[in-house]
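Structure at a glance
Chain by chain, the residues:
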Amino acid sequence: MNEPTYRVYALRYAMRDARRHEHFIGGDPHDAPMPMDYFVWVAVNEDRAVVIDTGFTAEVAARRKRSYLRCPIESLPLIGVDPAAVEDVVITHLHYDHVGSFHKFAHARFHLQEAEMHYACGHFMKHRKLRHSFEVEDVVGIVRMTYADRTVFHMGDSEVAPGITLHAVGGHSAGLQCVRVNTARGQVVLASDVTHFYENMDSGRPFTTCFHVGLMLDGFDRLRALAPSPRHIVPGHDPEVMRRYPAVPGLEGIAVELHRQPSD
């Protein structure tokens with residue numbers, strides 16, 4: 001029996017100006033501008049819509065000085081997805097830019113690695129450098145979802161639905177996971193923060209926010225093993241994604257189609 005295929009979209013909801021030294025451990029000798037985009041992703045077919053990550057709120061954007069373009073959850077109808085009908089949301093990890101706005105889903109189950117919950121609630125959060133990437137109300141909110149029977153914990157690789165699998169990687173965060181989706185062009189790997197930019201993976205230089213350097217480096221290899229080719233790997237924050245993939249008609253600069261072939 002063939003696996004179902006999905007259309008996969010990247011929806012850009014925020015951005016920030018940044019420089020190259022901010023994105024590589026050890027800095028960069030050519031400290032030029034290197035902006036960052038923020039995305040949520042959606043896998044859709046005739047049977048279901050699975051949302052991958054939920055972005056952050058306007059309030060968090062203002063506090064963290066990010067340019068907030070739109071609410072990612074309220075923007076889902078632009079690509080034909082009703083948030084109230086979504087049953088499954090994957091949280092790749094609990095950093096503020098991947099789990100905020102979760103409360104805008106009325107009925108969905110939230111899928112994350114158990115290791116990530118342990119990390120976000122455990123003793124490592126005594127370190128300001130590590131907890132800076134979390135919003136405490138997001139973490140508490142997912143605890144509440146757990147008590148409401150709306151959290152699904154995974155321990156390692158797992159399946160969310162036929163054709164959509166989770167792969168535990170770690171590195172950037174202790175319980176980071178990426179998502180592989182079956183599409184008409186093959187298995188597309190949504191890296192999330194396993195690699196923030198194409199260049200992190202291509203040059204073998206980890207991103208500066210890092211729980212475990214070795215696991216982050218191993219994560220680059222894991223992405224390559226999961227994907228049919230480098231053209232099937234989609235990094236988590238690279239503005240190149242918006243340039244390489246075809247835009248959804250009428251949503252130029254907002255949403256692109258990852259199930260179609262990239263230009264590079």
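Residues numbered from 1 in each chain as written. Predicted model: local features only at pLDDT ≥ 70, side-chain atom pairs only at ≥ 80, totals over all residues. Heavy atoms only, no water.

Topic: the overall build of the protein
A count of helical and extended segments in the protein gives 8 helices and 13 strands. Compactness check: the protein gives a C-alpha radius of gyration of 17 Å against a globular reference of 18 Å for 264 residues, within 12% of the reference. Taking all contacts inside the protein whose residues are at least 6 apart in sequence as the whole, residues at least 24 apart take part in 65%. On the protein, roughly 11300 Å² of surface is accessible, and the fraction owed to carbon and sulfur atoms is 53%. (Helix = DSSP H or I, 4+ residues; strand = E, 2+ residues; numbered from the N terminus. Rg over C-alpha atoms; globule rule 2.2 N^0.38 Å. Contact = heavy atoms within 4.5 Å. Areas by Shrake-Rupley, 256 points an atom, 1.4 Å probe, with all protein chains shown as cover.)

With respect to the side chain of Asn200
The topology assignment puts Asn200 in helix H6 (residues 198–203). Using a relative accessible area of 1% as the deciding quantity, one classes Asn200 as buried. Polar side-chain contacts of Asn200 include one of 3.0 Å to the backbone oxygen of His23. The residues touching Asn200, leaving out its near neighbours within four places in the chain, are His23, Phe24, Thr195, Arg205, Pro206, Phe207 and Phe220. (Buried < 20%, exposed > 50% of the residue type's maximum accessible area, 1.4 Å probe, protein only. Polar contact = N/O pair within 3.5 Å; in protein donor to acceptor, adjacent residues only side chain to side chain.)

Thoughts on the sheet that holds strand E10 (residues 177–183)
Taken together, 5 strands build an open sheet; the order of strands is E8-E9-E10-E11-E12 and the sheet is mixed. Either end of the sheet is taken by a strand with one partner, and the two such strands are strand E8 (158–161) and strand E12 (233–235). Shown here is a sheet whose adjacent strand axes are inclined to one another by a mean of 25 degrees, direction ignored. In this structure, strand E9 (residues 164–168) lies alongside E10, joined through 5 bridges in antiparallel fashion. Residue pairing in the sheet places Ala168 in a bridge with Gln177 of E10. (Pairing = 2+ DSSP bridges. Axes fitted to C-alpha atoms, helices over the stretch in contact; angles between N-to-C directions.)

Focus: the pattern of salt bridges
Once the charged atoms of two side chains with opposite charge are near each other, the side chains can pair. Throughout the structure, instances matching the rule amount to 17 salt bridges. Between Glu199 and Arg20 there is a salt bridge, with the nearest N and O atoms lying 2.6 Å from each other. Residue Glu199 is found in helix H6, and its partner Arg20 is found in the loop between strand E1 (7–16) and strand E2 (36–44); the two are separated by 179 residues along the sequence. Note that Arg64 is salt-bridged to Glu135, the shortest N-O span being 3.0 Å. Residue Arg64 is located in helix H1 (residues 58–64), and its partner Glu135 is located in the loop between helix H4 (128–131) and helix H5 (136–147); the two are separated by 71 residues in the primary sequence. The exposure classification of Arg64 matches that of Glu135, with both residues buried. (Salt bridge = Lys/Arg side-chain N within 4 Å of Asp/Glu carboxyl O.)

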